[in-house]
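# Structural features, examined
Listed below are the residues making up each chain.
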Amino acid sequence: MKGEKTKQRVLEAASDLFWSRSFHSVSVADVAAAASVNKATLYQYFDSKEALGRAVVIDARRRTIDFVFEGAWAQADEPLDRLKAIYERVYGSQQAAYDCSGEARGCPFVNIAMEMAIENKSVRDEVRQTQEAFGAYYARILRALAPGPLPRDAEERAVAALVRNMNGAMVAARIEQRPEALLEAAETAVFIAQSAVASAAAPTSPAP
């Protein structure tokens, strides 16, 4: 349908602008111009800039899950290979952006969350849900890697560490303008996963 195509074009234009610049530095007029629509048409789909920001996060979450996480599952069978593939696929998207624009843009979710963390709870909540959705894939990797069930608290700590490792790598890639930081962080991710599983599997010493 024409309306859905127009809406998606607006989302893609907004996503590119928010990612390459920032949420606050981009106006609704900027997005409308990039999407080749007028502001009235844009407001037919999104009643505010904040609503557009939420929609961008949701759309980016869907696309990231499809390309990065589901793609990693299709690319590899072993849990650690899937973990490495996640980083390789994120690196590929960052490198492509760098080759195109000369800039490593970092994480679209971290970027918008840092801007909107205090002033807009709805955007912050969407970013939090995004991190939880990504974390579910890391949990699947840990469960496949472990010889038996992991204690829930151990799994939750390891998943949180893996999410933070990726977020930190994305920030490093942007600050250093080096997409390769993501490939380097993959080694840390493997260490986190292996250490979590080994620690949970280690026998506890009997009380004296």
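Predicted model, so just to flag it, every value in this text is computed and none were measured.

Glancing now at the overall build of the chain. Along its length, the chain carries 9 helices and 0 strands. Along its sequence from the N terminus, the chain presents helices and strands in the succession α-α-α-α-α-α-α-α-α. Its C-alpha atoms give the chain principal-axis dimensions of about 75 × 35 × 35 Å. Per-residue burial for the chain yields a buried fraction of 48% across its 208 residues. Entry remark: accessible area of the chain is about 10900 Å², with carbon and sulfur atoms responsible for 54%. When the 25 basic and 27 acidic side-chain charges of the chain are each reduced to a single mean position, those positions are 5 Å apart.

Turning our eyes to something else, we now look at the pattern of salt bridges. It is possible for side chains bearing opposite charge to pair when their charged atoms get close. Applying the stated criterion across every chain, the model contains 13 salt bridges. A salt bridge links arginine 157 to aspartate 153; the shortest N-O distance between them is 3.4 Å. Here arginine 157 and its partner aspartate 153 are both found in helix α8 (residues 152-176), 4 residues apart, which amounts to about one turn of the helix. Residues participating in the shared-partner salt-bridge network are Lys121, Asp125, Arg128 and Glu132.

Right, let's get into the side chain of serine 15. Mapped onto the elements of the fold, serine 15 is located in helix α1 (residues 2-20). Overall, serine 15 belongs to the buried group, its relative accessible area being 12%. There is a polar contact of 3.4 Å between the side chain of serine 15 and the side chain of arginine 63.

One pass over the structure, following the stated rule, counts 5 aromatic pairs. Ring centres 5.9 Å apart and planes at 80° place the aromatic pair phenylalanine 69 and tyrosine 138 in the edge-to-face group. Taken together, the positions of phenylalanine 69 in helix α4 (residues 49-75) and tyrosine 138 in helix α7 (residues 121-145) put the pair 69 residues apart, joining distant regions of the chain. Of the two residues examined, phenylalanine 69 and tyrosine 138, each falls in the buried class. The residue whose ring lies beneath lysine 49 is phenylalanine 23, and the NZ or CZ to ring-centre distance is 4.5 Å. When the ring centre of phenylalanine 67 is taken as origin, the NZ or CZ atom of arginine 89, which lies over that ring, is 4.5 Å away.

Moving on, we come to the packing of helix α5 (residues 79-101) against α8. Packing of α5 against α8 brings their axes to within 12 Å, and their N-to-C directions diverge by 25°. With respect to α8, the axis of α5 lies roughly parallel. As α5 runs across α8, the sense of the crossing is right-handed. Contact residues: Leu83, Ile86, Tyr87, Val90 and Gln94 in α5; Leu162, Asn165, Met166 and Met170 in α8. The residue makeup of the contact of α5 with α8, split by class, is 7 nonpolar, 2 polar and no charged.

Let's shift gears to α8. Along its 25 residues, α8 runs 36 Å from first to last C-alpha, staying within 8% of the 36 Å computed at 1.5 Å per residue. A positive backbone phi angle near 55° is found at glutamine 177, which sits one or two residues after α8.

Time to look at the state of the cysteines. What is meant by a disulfide is a covalent connection between two cysteines, made through their sulfur atoms. What the rule picks out here adds up to 0 disulfides. Its sulfur unpaired, cysteine 100 is 19 Å from the next cysteine sulfur, which belongs to cysteine 107. With a relative accessible area of 6%, cysteine 107 lands in the buried category.

On to a negative patch on the surface, then. On the surface, Asp77, Glu78, Asp81 and Glu88 cluster together into a patch of negative charge. In this structure, aspartate 81 sits in helix α5.

Basis of the calculations
- Residues numbered from 1 in each chain as written.
- Predicted model: local features only at pLDDT ≥ 70, side-chain atom pairs only at ≥ 80, totals over all residues.
- Heavy atoms only, no water.
- Helix = DSSP H or I, 4+ residues; strand = E, 2+ residues; numbered from the N terminus.
- Buried < 20%, exposed > 50% of the residue type's maximum accessible area, 1.4 Å probe, protein only.
- Areas by Shrake-Rupley, 256 points an atom, 1.4 Å probe, with all protein chains shown as cover.
- Lys, Arg positive; Asp, Glu negative; His and termini not counted.
- Charge placed at Lys NZ, Arg CZ, Asp CG, Glu CD.
- Salt bridge = Lys/Arg side-chain N within 4 Å of Asp/Glu carboxyl O.
- Polar contact = N/O pair within 3.5 Å; in protein donor to acceptor, adjacent residues only side chain to side chain.
- Phe/Tyr/Trp six-rings, centres within 6.5 Å; stacked < 30°, edge-to-face > 60°.
- Lys NZ or Arg CZ within 6 Å of the ring centre and 35° of its normal.
- Axes fitted to C-alpha atoms, helices over the stretch in contact; angles between N-to-C directions.
- Parallel < 35°, antiparallel > 145°, perpendicular 65-115°, else oblique.
- Left-handed = near helix turned anticlockwise from the far one by under 90°.
- Contact = heavy atoms within 4.5 Å.
- Nonpolar A, V, L, I, M, F, W, Y, C, P; charged D, E, K, R; others polar.
- Expected span 1.5 Å × (residues − 1).
- Disulfide = S-S within 2.5 Å.
- Patch = residues over 30% accessible without salt bridge, like charges linked within 9 Å, V, L, I, M, F, W, Y side chains within 5 Å.

From the geometry alone we can't say anything about function, so treat these as descriptive.
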